[in-house]
Amino acid sequence: MKNESNSFTALKLSKRASGGNGPGVFSKTWDRLKHRATNAYGPRAPERVLEEEAPQVSQIAPSLKIFPGQAFPLGVSEVDNGINFAIFSQHATAVKLCLLLPKRGGSERLDDGMMELTLDPHVNKTGDIWHICIEDLPRSNVLYGYCIDGPRGWHQGHRFDSSLVLVDPYAKLVEGSRYFGDANSKLSGFLGTYDFDSIPFDWGENYKLPNISEKDLVMYEMNVRAYTVDESSGLDPKIRGSYLGVIEKIPHLLELGINAVELLPVFEFDELEFQRRPNPRDHLINTWGYSTINFFAPMSRYASDGGGPITASLEFKEMVKSLHGAGIEVILDVVYNHTNEADDANPYTTSFRGIDNKVYYMLDVNNNCQLLNFSGCGNTLNCNHPVVMELILDSLRHWVVEYHVDGFRFDLTSVLCRGTNGSPLNAPPLIRAIAKDAVLSRCKIIAEPWDCGGLYLVGRFPNWDRWAEWNGKYRDDIRRFIKGECGMKGILATRVAGSADLYKVNKRKPYHGVNFVVAHDGFTLHDLVSYNLKHNDANGEGGNDGSNDNFSWNCGFEGETDDPSIKSLRFRQMKNFHLVLMISQGTPMMLMGDEYGHTRYGNNNSYGHDTSINHFQWGQLDAKKSNHFRFFSEVIKFRRTHHLFQRESFLSKDDVTWHEDNWENYDSKFLAFTLHDKGGGDIYLAFNAHDYFVRVSLPRPPLKRSWFRVADTNLHSPHDFVPDGVPDIGRTYNVAPYSSILLEAKL
C-alpha cells in the first residue's frame, strides 16, 4: 500500500488562461467524449452543442487519497481502503482513469467536474493490468472511463487514441442516454458506473429456479422492447418496452403455454449507431441489439421511465424473478462474436478497440493487420485468446450468479470455434471451457453453429455432450416439405424423429437439436406463407441484405390480399408448420408474434425498425384469440402434456411405425406415422403437401382403444384442434390438400 505521503489530498483542475470558471480538465475530457461520438465514423459536425449537457466544473476536486490498488478483480471493486479500478491492456504505454463525480448529497445530477488520474506504470501496473485505488469515493453514481495511449502503428495491429474516453470492458453498469431511440442523444457517449450502495436484491424466501429439463422446453424467442412498446399493449407509457413491461405480460406467455423465453440481446448496446454519420442506413434504429458495447451491463434503456443503469439492473432481476415464479426459464441471446466497434473504414471506438485492439480482435497479419470479419459486422472478437476467453467466461458467470439466468444462446457461435488467426479449431478452448465450467453447469448452452465466414457446423459442432444447436437443417427441410417440394418425404421423417443423422453421436440427445421454422432473422411465419421474395428496400441496403434462400411460398399471391381462398390456405400452412414443429423430437422454438400471425410485410432482415414491423401488436392478438392463437396455444399444451414428444433418446423401431413402403418415390409429398406409447396412448400423424386429397387407411389402434381426431388443420376453428379428441373417426381418413392431422388412441 502506498503511504499517505505519496497520496493526493487534493486535485486541482486547470482553468482557462483568462481565469475564471473555464472548462478546464473536465472540458478537455468531455471534448474527448464528443470526439468519440462525432468522429467515430469519420468527421461530422455535431447536430447540437454537447457542452450544454456538461456538468459545471469545480475549481478544486474533493479531497481524495489514492493508493496503488490491486490487479484483481478486473473492473471496479470495493476494498478495505476504498474503490479499486483495474483494467487489462498489454500494449498500452499510458493510462488515465477519468472520473465524473456526483454532487454531494447523492443527487444524480453530476456537477463536480471530470478528473483525470494518470497511472504510473511503475506503481499502478502489475503484469498487463493497470490499477488504482481511491479512498472516499462515493459508493454509487460515479461515472468513469479510461484514456489509453500506446503504439500508433496500424500495420502492427494497434488502434490507440488517447483523446477517447473508453468504457471499461468489466464495467457492471453502463451509463449512456436514458431513453431508447432518443435522437437528441445520438451523439452522447458511454461511461461505466458502479453501485455499492444498494442492498442485495431480495429474491424471496420461496424463490427457486425452474430447473426445467431440456427435453421439456418449449422456447419463445422474443425482444424485450418490442414485446410491449406498442400502444396496443395497454400499459402505462412509462413501462412500455421495459423489463417491467415483460412482467405485466407474463399472463400471455402462460396462456400460450411456453415455458422458456429466449431474449434477444439485453447487454448494453447503442441503438443509434447507424445515425452517427451520413450513410444509407442513417434512418434506422438498431432494435434487435446485436451490437454489444459491454458484456456485463444490462441494457439501460430497457429500464422504465428513463431510470438508467442501476434501475435497469434492479428491474432485470425483477423480470427474471417474476418469470421464474411463473415457471418460465430465461435464456439470453448473447453476442460474443463481435462488438459495436465496426470496421477499420468506419470505426466507432467505445472500448475494446482503444484499450488493446491487438488482443481483443482477430487481425489479418498478411494485410496490414486489418480487422478480420467473420461476423458480417466489421470485426471479430478474438474469443480464444486467453484474456478474451476469460472475459467471456466472467461475463457468463456474472449473468448466472448476479441475474439468475438459466442459459444462453450464442450468436454466430462458429466464430467462437476459430483460433486467434481465424482458422477453425477442432477443440476450441472457449467452447470446452463453457461446457466444463462449474458455475455454468446448470445452464442451457445453445450454439448458432455457423458464422459469416462459411464455417457451418450444424451436426458437427464441438459439443462435449453439453452444447445444443440451432438446427438450421430442420428449418430448411421442414419449409421445403410443407411448401410442397418433391423429394422431401424421407428427410421430413428424419427431422421429425429428432435428426439422428446430425445428433445421434456419443452421448447427445434429441433435445440437443433446437428445432425452429422461423426466428428473428428471416421471415415471420405469416410472411413465410405470403412472400416468395424478400422486400427489404426500407433497410437502405439496396436489397443486398437478408437471406435469398427462404424456401417460402406465397400461396399464389405476393404480399397482402383479401382473397379468402388464399388467406385460408396461408392460415392452414401456418398451422401445418406449427403442428410439425411441436410434434417433432427435439427442443421447439417459436417466434414472438407468430401466435397471431405477425407480418413484417416481407422484410426478412428487420433489425433497424423500431416500428410496428417489429413491435408485438396486441390488438391483432385480441382479434385472433378465437382461431389462430387458440390453435397455437392448444398445440403447445398438447405437446407439453404428452411424453411421446419429449423423449430423452432417439426413436427405435419399437417407438415408431412409418406407414410408408415407397420411400424412393420422388413425387410423393405425403408422410404418415404412428408414435407408440407403452400405455396404449398411441398418436398417429399425417402430413399432406400435395394439392389434392389423400385418403389413407388408418392403422389398427391399440387394444380396446379407438382413434380420436385431435387436429385437422383443414378444419375451421374450434374444430381444427380439439384437445379431448373427436371420436368415431372410422377406418379411413381423407386428408385435405396442404393439411395435416393428429389422431390419439383413447379408451
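What you see is a predicted model; the values in this text were computed from it and never measured.

Enquirer: Even after reading the chapter, I still don't get the overall build of the protein, so can you show me in this structure?
Expert: Regarding its fold elements, the protein presents 15 helices and 28 strands. Here the C-alpha atoms of the protein give a radius of gyration of 28 Å, agreeing with the 27 Å that 2.2 N^0.38 yields for 747 residues. Once the C-alpha set of the protein is aligned to its principal axes, its extents read approximately 95 × 55 × 50 Å. A separation of at least 24 residues holds for 73% of the contacts in the protein among residues at least 6 apart in sequence. Summing over all exposed atoms, the protein offers an accessible surface of approximately 28000 Å²; the carbon and sulfur share of this is 49%. Where the 79 positive side-chain charges of the protein centre and where its 93 negative ones centre are 3 Å apart.

Enquirer: Is there a simple way to explain the UniProt feature "domain: Glycosyl hydrolase family 13 catalytic" (unreviewed entry) in the protein in this structure?
Expert: The sites that UniProt annotates as "domain: Glycosyl hydrolase family 13 catalytic" (unreviewed entry) are residues 221–639. Secondary structure content for residues 221–639 is 33% helix and 9% strand, while the C-alpha to C-alpha distance between its ends is 18 Å.

Enquirer: Just to check I follow, could you spell out the confidence of the model for the protein for this structure?
Expert: When pLDDT is low, close inspection of the predicted coordinates is not appropriate. Confidence in the prediction for the protein averages 91 pLDDT; 90% of positions are at 70 or higher. Every residue in residues 1–32 is under pLDDT 50, and counting partners more than four places away or in other chains gives 62 contacts. Below pLDDT 50 for its whole length, residues 107–112 participates in 22 contacts with residues either more than four positions away or in separate chains.

Enquirer: I keep staring at the domain arrangement of the protein and nothing clicks. Help me out?
Expert: How big an interface is tends to be stated in terms of the accessible area lost upon association of its parts. On domain assignment, one finds that the protein holds domain 1 (65–195), domain 2 (219–645) and domain 3 (656–746). Just the C-alpha atoms count here: the centres of domain 2 and domain 3 sit 33 Å apart. Of the residues lining the interface, 34 residues belong to domain 2; the matching set on domain 3 comes to 36 residues. Around 2900 Å² of area is buried between domain 2 and domain 3 when both sides are counted, 69% of it from carbon and sulfur atoms. Together, Lys-489, Phe-638 and Leu-644 form the three largest contributors to the area buried by domain 2 at its contact with domain 3, with a combined 23%. At the boundary of domain 2 with domain 3, the tally comes to 3 salt bridges. The partner of Asp-720 in a salt bridge is Lys-575, with the nearest N and O atoms 3.0 Å apart. Connecting domain 2 to domain 3 are 18 residue pairs in polar contact (both at pLDDT 80 or more). Breaking the side of domain 2 that touches domain 3 down by element, the ones donating at least two residues are α9 (472–482), α10 (489–496), α13 (564–583) and α15 (625–640). Among the elements that line the side of domain 2 that touches domain 3, the one with the most residues is α13, at 8 residues.

Enquirer: Looking at this structure, how should I read the side chain of Asn-286?
Expert: Note on placement: Asn-286 falls in the loop between β12 (260–263) and α5 (308–325). Exposure remark for Asn-286: the relative accessible area of 4% places this residue in the buried category. Here the side chain of Asn-286 touches Trp-288 through a polar contact of 3.3 Å, landing on its backbone nitrogen. Excluding residues that lie within four positions of it along the chain, Asn-286 makes contacts with Phe-180, Phe-269, Asp-270, Glu-271, Glu-273, Phe-274, Ser-291 and Tyr-607.

Enquirer: Explanation requested: the pairing of strand β27 (residues 732–735) in the structure shown.
Expert: Side chains Tyr-733 and Val-735 project from β27 onto a buried face, and the interleaved Thr-732 and Asn-734 project onto a face without burial. The pairing of strand β24 (residues 694–697) with β27 spans 4 bridges and is classified as antiparallel. Bridge pairing in β27 places Val-696 opposite Tyr-733.

Enquirer: Would you explain the pattern of salt bridges in this entry?
Expert: Side chains that carry opposite charge are capable of pairing whenever their charged atoms lie near each other. The tally for this structure, following the rule as stated, stands at 35 salt bridges. One salt bridge connects Asp-610 with Arg-225, and the closest N-O pair in it is separated by 2.8 Å. One end of the pair, Asp-610, is in the loop between β20 (587–591) and α14 (618–623); the other, Arg-225, is in helix α2 (residues 224–228), with 385 residues separating them in the sequence. Both residues of the pair, Asp-610 and Arg-225, belong to the buried class.

Enquirer: I would appreciate a short explanation of α5 in the present structure.
Expert: One turn of the α-helix equals 3.6 residues, which is why residues spaced by three or four share an orientation. With 18 residues, α5 extends 25 Å between its outermost C-alpha atoms, agreeing within 8% with the 26 Å of an ideal straight helix rising 1.5 Å per residue. Among the residues of α5, Gly-308, Pro-309, Ala-312, Ser-313, Glu-315, Phe-316, Lys-317, Met-319, Val-320, Leu-323 and His-324 are the ones counted as buried. Once α5 finishes, Gly-327 follows within two positions and takes phi at roughly 80 degrees, a positive value.

Enquirer: Is there a simple way to explain the state of the cysteines in this structure?
Expert: Covalent bonding between the sulfur atoms of two cysteines is what defines a disulfide. The tally for this structure, following the rule as stated, stands at 0 disulfides. Between Cys-486, a free cysteine, and Cys-555, which holds the nearest cysteine sulfur, the sulfur-to-sulfur gap is 17 Å. The class for Cys-486 is partly exposed, based on a relative accessible area of 26%.

Enquirer: Even after reading the chapter, I still don't get the nonpolar core, so can you show me in this structure?
Expert: Burial of nonpolar side chains together is a common tendency in soluble globular proteins. Core analysis: the largest hydrophobic core is formed by 173 residues, its most contacted members being Phe-85, Leu-99, Tyr-220, Leu-332 and Phe-408. Ile-446, Ala-468, Leu-502 and Ala-519 belong to the second largest nonpolar core, which has 18 residues in total.

Enquirer: Can you walk me through the environment of His-659 in this structure?
Expert: Summarising the element assignment, His-659 is placed in the loop between β21 (656–658) and β22 (670–675). Overall, His-659 belongs to the partly exposed group, its relative accessible area being 29%. With 38 residues separating them along the chain, His-659 and Ser-697 place their C-alpha atoms 9.7 Å apart. Setting aside anything within four residues of it in sequence, one finds His-659 in contact with Ala-672, Phe-673, Thr-674, Tyr-684 and Pro-699. At 2.7 Å, the side chain of His-659 and the side chain of Thr-674 are in polar contact.

Enquirer: Quick question: what am I supposed to make of the packing of α9 against α13 here?
Expert: How two helices sit against one another is set out by the angle between their axes and by the gap between those axes. Following both chains from N to C, one finds α9 and α13 inclined at 135 degrees, their axes separated by 11 Å at the closest point. Of the possible angle classes, the one that applies to α9 and α13 is oblique. Between α9 and α13 the crossing geometry is right-handed. The residues of α13 that touch α9, namely those facing Tyr-474, Ile-478, Arg-479 and Ile-482, are Gln-573, Asn-576, Phe-577, Val-580 and Leu-581. Partitioned by chemical class, the residues of the contact of α9 with α13 number 6 nonpolar, 2 polar and 1 charged.

Enquirer: Can you help me understand the sheet that holds β21 in this one?
Expert: What links the strands of a sheet is backbone hydrogen bonding, and the strands pair in either a parallel or an antiparallel sense. One open sheet accounts for 6 strands, arranged β21-β22-β23-β28-β25-β26; its pairing is antiparallel. In this open sheet, the two edge strands, each paired with only one partner strand, are β21 and β26 (721–726). Adjacent strand axes in the sheet meet at a mean angle of 20 degrees, parallel and antiparallel pairs treated alike. Taken together, the 6 bridges between strand β23 (residues 683–688) and strand β28 (residues 739–746) define a ladder with antiparallel strand orientation. Directly across from Phe-687, in β28, lies its bridge partner Ser-740. The strands touched by α13 within the sheet are β22, β23, β25 (706–712) and β28, with β28 carrying the most contacts at an inclination of about 45 degrees. Where α15 meets the sheet, its contacts fall on β23, β25, β26 and β28, and the angle it forms with β26 comes to roughly 55 degrees.

Enquirer: I keep staring at the sheet that holds strand β17 (residues 444–447) and nothing clicks. Help me out?
Expert: Within the closed barrel, the 8 strands sit side by side as β11-β12-β13-β16-β17-β18-β19-β20. Their pairing is parallel. Taking each pair of neighbouring strands and ignoring which way they run, the sheet shows an average axis angle of 25 degrees. With 2 bridges connecting them, strand β18 (residues 468–470) and strand β19 (residues 513–516) associate as parallel partners. Across the sheet, residue Trp-470 finds its bridge partner in β19, namely Val-514. The strands touched by α13 are β19 and β20; relative to β20, the strand with the most contacts, the crossing angle is about 150 degrees.

Enquirer: Please clarify how the packing of aromatic side chains should be interpreted in this entry.
Expert: Given two aromatic rings, their pairing is described by the distance between the two centres and the angle made by the two planes. Taken as a whole and assessed by the stated rule, the structure comprises 43 aromatic pairs. With 5.1 Å between their ring centres and 40 degrees between their planes, Trp-203 and Tyr-207 make a pair best called tilted. For Trp-203, a relative accessible area of 14% translates into the label buried. Their ring planes at 55 degrees and their centres at 4.9 Å tell us that Phe-410 and Trp-467 sit as a pair that is tilted. Here Trp-467 lies in the loop between β17 and β18 and Phe-410 lies in strand β16 (residues 407–410), a separation of 57 residues in the sequence. A relative accessible area of 1% places Phe-410 in the buried class. Judged by its relative accessible area of 0%, Trp-467 falls in the buried class. A cation sits over an aromatic face here: Lys-249 above Trp-618, 4.2 Å from the ring centre. Positioned above the aromatic ring of Phe-629 is the side chain of Lys-625, whose terminal nitrogen or guanidinium carbon lies 5.1 Å from the ring centre.

Rules used throughout
- Residues numbered from 1 in each chain as written.
- Predicted model: local features only at pLDDT ≥ 70, side-chain atom pairs only at ≥ 80, totals over all residues.
- Heavy atoms only, no water.
- Helix = DSSP H or I, 4+ residues; strand = E, 2+ residues; numbered from the N terminus.
- Rg over C-alpha atoms; globule rule 2.2 N^0.38 Å.
- Contact = heavy atoms within 4.5 Å.
- Areas by Shrake-Rupley, 256 points an atom, 1.4 Å probe, with all protein chains shown as cover.
- Lys, Arg positive; Asp, Glu negative; His and termini not counted.
- Charge placed at Lys NZ, Arg CZ, Asp CG, Glu CD.
- UniProt positions renumbered as here; feature names shortened; annotations may be inferred.
- pLDDT = per-residue confidence, 0-100.
- Domains from an automatic or database assignment.
- Buried area = accessible area lost by both parts, 1.4 Å probe.
- Salt bridge = Lys/Arg side-chain N within 4 Å of Asp/Glu carboxyl O.
- Polar contact = N/O pair within 3.5 Å; in protein donor to acceptor, adjacent residues only side chain to side chain.
- Buried < 20%, exposed > 50% of the residue type's maximum accessible area, 1.4 Å probe, protein only.
- Pairing = 2+ DSSP bridges.
- Expected span 1.5 Å × (residues − 1).
- Disulfide = S-S within 2.5 Å.
- Core = buried A, V, L, I, M, F, W, Y, C linked by side-chain atoms within 4.5 Å.
- Axes fitted to C-alpha atoms, helices over the stretch in contact; angles between N-to-C directions.
- Parallel < 35°, antiparallel > 145°, perpendicular 65-115°, else oblique.
- Left-handed = near helix turned anticlockwise from the far one by under 90°.
- Nonpolar A, V, L, I, M, F, W, Y, C, P; charged D, E, K, R; others polar.
- Phe/Tyr/Trp six-rings, centres within 6.5 Å; stacked < 30°, edge-to-face > 60°.
- Lys NZ or Arg CZ within 6 Å of the ring centre and 35° of its normal.

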